[in-house]
Amino acid sequence: MTERTIWSSQANPGAVDLLGSCLALLMVAPVTDDALYFESPWISDFPLLEKRFFEFAGAFPECGDKGSISFCDCREALSTRWTVRLVTCDNDTSRGFLDRIDSSSKIDIRYAPSSFHAKGILTPYFFVRGSMNLTY
């Protein structure tokens, strides 16, 4: 498997671009029986994909005319195709993100102990890990 290292900061949004591209790929990739796993001690909503020219309209039709697609939008869209599993700690940041989940969606939530520090996204097509929280 090819590995790529990306160093990012607010001045270099490479990690957000990578994450957005990978998650958009899942909206058109063949669905498997595997679940999508998102794990981070802190999870919150943040702008994920800009769609100035509606370039993601086909993959995210439920976002309509919005100028961007947020991580919450993506999470909901992915859950229409895949089982999504979120692993996080029970804190104000993560609860705010999780409280917006529709109870009928295919999203499973697991709270880890407060010592939990793993951060990554595992799918049948890629694995992203690093010292990034899934937050703005």
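Use the structure listed above.
Notes on the structure follow. Here the structure is a predicted model, which means the values were calculated and not measured.

Let us look at the overall build of the protein. Check the secondary structure of the protein and you find 3 helices and 7 strands. Listing the helices and strands of the protein from first to last along the sequence gives α-β-β-β-α-β-α-β-β-β. Rg of the C-alpha trace for the protein: 14 Å, near the compact-globule value of 14 Å for 136 residues, within the 12% margin. Across its three principal axes, the protein shows a C-alpha extent of roughly 40 × 35 × 30 Å. Across the 136 residues in the protein, those meeting the buried criterion constitute 40%. Long-range contacts, defined as pairs at least 24 residues apart, comprise 68% of the intrachain contacts of the protein with a sequence gap of at least 6. If you sum the accessible surface of the protein, you get close to 8,100 Å²; carbon and sulfur atoms cover 52% of it. Across the protein, the mean location of the 13 positive side-chain charges is 2 Å away from that of the 17 negative side-chain charges.

It is worth spelling out the nonpolar core at this point. Residues Leu-23, Phe-38, Leu-48, Phe-60, Phe-71, Leu-78 and Leu-86 are the most contacted members of the largest nonpolar core, which totals 32 residues. Those elements that provide at least two residues to this core are helix H1 (14-26), strand S1 (36-39), strand S2 (47-50), helix H2 (71-79), strand S4 (84-89) and helix H3 (92-98). Those residues in contact with Leu-23, other than ones at most four positions away along the chain, are Phe-38, Leu-48, Phe-71, Cys-74, Leu-78 and Phe-126.

Calculation notes
Residues numbered from 1 in each chain as written. Predicted model: local features only at pLDDT ≥ 70, side-chain atom pairs only at ≥ 80, totals over all residues. Heavy atoms only, no water. Helix = DSSP H or I, 4+ residues; strand = E, 2+ residues; numbered from the N terminus. Rg over C-alpha atoms; globule rule 2.2 N^0.38 Å. Buried < 20%, exposed > 50% of the residue type's maximum accessible area, 1.4 Å probe, protein only. Contact = heavy atoms within 4.5 Å. Areas by Shrake-Rupley, 256 points an atom, 1.4 Å probe, with all protein chains shown as cover. Lys, Arg positive; Asp, Glu negative; His and termini not counted. Charge placed at Lys NZ, Arg CZ, Asp CG, Glu CD. Core = buried A, V, L, I, M, F, W, Y, C linked by side-chain atoms within 4.5 Å.

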